[in-house]
Each structure stands twice: as structure tokens, then as C-alpha cells.
Amino acid sequence: MERSIEDIWKRDAPLAPKLHNLYTRKSKLTTAKIERTMKRDIWSIWLLIALVLGGLGYAGHWLFGGAVALFLAGLFFYNRRLLHYLQSIRLETEVEAYVEQYLAALRKIIRHTSRLMVWGMAPAATACIFYWWYATGTGSIQTFGQEEPGWKMALLALGFWGFMALYSWGVYRLVTFFLYGRKIRKLKEVLADLRALQ
């Protein structure tokens with residue numbers, strides 16, 4: 001009967017370094033894929049900036065487009081900083097410690113970016129959309145703002161912010177799942193295997 005990996009690890013000392021090297025290569029390949037995907041994801045923000053500036057500028061709203069572009073540029077630099085933080089994690093000693101630290105960093109990045117979606121993206125999107133409604137006269141927002149008390153406008157803005165917060169958080173989590181979910185699962189599998197071999 002073919003022996004399990006655990007048996008090989010425990011009984012065949014000469015093969016143990018080979019298995020260790022196998023998991024080292026597997027973890028490094030997976031983390032390299034994560035960083036390549038993240039880098040493409042970050043640089044695609046400039047394409048979005050160009051589309052926003054082009055579209056809103058063509059419509060004659062250069063000031064509004066510039067404000068949105070500045071916010072997106074800030075998002076680019078924020079995400080690039082997160083990528084540098086991820087790349088600073090090096091495999092120096094044990095592969096298990098490296099994978100643990102890398103997964104912890106990924107969880108931290110996802111948590112921080114989720115908060116940014118709720119407390120940064122959602123209020124900014126709400127302010128931009130209300131400005132757009134007011135500046136272009138779309139719907140009856142101007143009449144509503146003039147005829148109704150201020151607390152109703154504040155309540156409307158708060159409700160819209162809540163909707164945008166849930167929407168942006170949900171979209172971010174969904175995109176993260178499709179882009180990184182499989183790679184993160186591979187790292188978790190590597191970590192589980194390494195713990196089983198101890």
C-alpha cells in the first residue's frame with residue numbers, strides 16, 4: 001500500500017527536505033500569482049480614471065470628473081501601499097510561518113479595504129451623486145431640497161449612503177472572491193498540509 005505523505009515525512013528523513021521544498025515552491029508560486037493579480041487590479045484604476053475623465057469631460061462636467069478622478073487616484077496609491085506591504089513578507093525560515101503571515105496580511109488587507117468601501121467609497125459616491133442630481137437638475141432633487149425640511153434631505157442622504165455602503169462592500173467582496181478566492185484556498189491547503197506533517 002502506498003504510504004501517505006505523513007508517513008514519508010515521519011519515516012523517510014531524506015525525503016522530508018524534498019517535501020519541504022515542494023511546499024515552499026507551491027506557496028511561493030501561489031503568492032506570486034496573488035501579487036500579479038493584485039498589481040493588475042491596482043493599475044486598472046488608471047483605465048477607470050481615463051474613462052471617468054473622458055466621459056464626464058465630454059458631458060461638460062470637468063470639475064465633477066476631476067473630483068472623482070482624484071478620489072480614484074487616492075485609491076490607487078492606497079492599494080499600491082497595501083501591495084508593498086504584502087510584498088514585504090519574505091520566506092526566510094519556515095514555510096509554515098511564511099504562509100501564516102501571508103494569510104494574516106491578506107485578511108488584514110481585505111478587512112481594511114472593506115472598511116474603506118463603507119466609510120470612504122460610499123460617502124464619496126453619495127456626495128458625487130447628490131451633486132450630479134443637483135447640478136444637472138435630474139429628477140426633482142432641487143425642488144425637494146428647497147421645499148422639504150433639511151432633516152428630510154439628511155435622511156435621504158443617509159439612506160442613500162447606507163445603500164451605497166452595502167453595495168460597494170458587496171461588490172468588493174464578490175470581486176475579491178472571484179479574483180483571489182481560489183488562490184487563498186490553495187494557501188490554506190498548504191498550511192493545513194504543513195500542520196498535518198508536524
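The structure this text deals with has already been given above.
This write-up is about the structure you can find in this document. (Residues numbered from 1 in each chain as written. Predicted model: local features only at pLDDT ≥ 70, side-chain atom pairs only at ≥ 80, totals over all residues. Heavy atoms only, no water.)

On to the overall build of the chain, then. When its secondary structure is counted, the chain shows 6 helices and 0 strands. Counting only residues that meet the buried cut, the chain has 33% of its 198 residues in that class. The long-range fraction of contacts in the chain, counting pairs at least 24 apart against all pairs at least 6 apart in sequence, stands at 74%. Within the structure as shown, the chain displays about 12700 Å² of accessible surface, and the carbon and sulfur contribution to it stands at 64%. (Helix = DSSP H or I, 4+ residues; strand = E, 2+ residues; numbered from the N terminus. Buried < 20%, exposed > 50% of the residue type's maximum accessible area, 1.4 Å probe, protein only. Contact = heavy atoms within 4.5 Å. Areas by Shrake-Rupley, 256 points an atom, 1.4 Å probe, with all protein chains shown as cover.)

Let us look at the nonpolar core. Membership of the largest hydrophobic core comes to 37 residues, with the highest contact counts inside it found for M38, L86, V99, Y102 and L106. For this core, the secondary-structure elements that each account for two or more residues are α2 (16–58), α3 (62–87), α4 (95–136) and α6 (150–196). With near-sequence residues (within four places) excluded, M38 lies in contact with N79, L82, L83, L86, I109 and Y180. Counting residues in each nonpolar core, the second largest holds 7 residues, with V118, A125, F160 and M164 among its members. (Core = buried A, V, L, I, M, F, W, Y, C linked by side-chain atoms within 4.5 Å.)

Okay, the packing of aromatic side chains next. If you walk through the whole model with that rule in mind, you get 8 aromatic pairs. Where W43 meets F76, the ring centres are 5.0 Å apart and the plane angle is 65 degrees; that geometry is what we call edge-to-face. A residue pair is termed long-range when its members are at least 10 positions apart, and W43 in helix α2 and F76 in helix α3 qualify at 33 residues. Look at W43 and you get partly exposed, because its relative accessible area is 48%. In this structure F76 comes out as buried when scored by relative accessible area, which is 1%. A centroid spacing of 5.8 Å and a plane angle of 50 degrees characterise the contact between Y98 and Y102, whose relative ring orientation is tilted. One end of the pair, Y98, and the other, Y102, are both in helix α4, 4 residues apart, so they sit about a helical turn from each other. Considered together, Y98 and Y102 belong to a single accessibility category, that of buried residues. (Phe/Tyr/Trp six-rings, centres within 6.5 Å; stacked < 30°, edge-to-face > 60°.)

All right, on to the side chain of N79 then. With respect to the helices, strands and loops of the structure, N79 is situated in helix α3. Setting aside residues no more than four positions away along its own chain, N79 makes contact with M38, I42 and I45.

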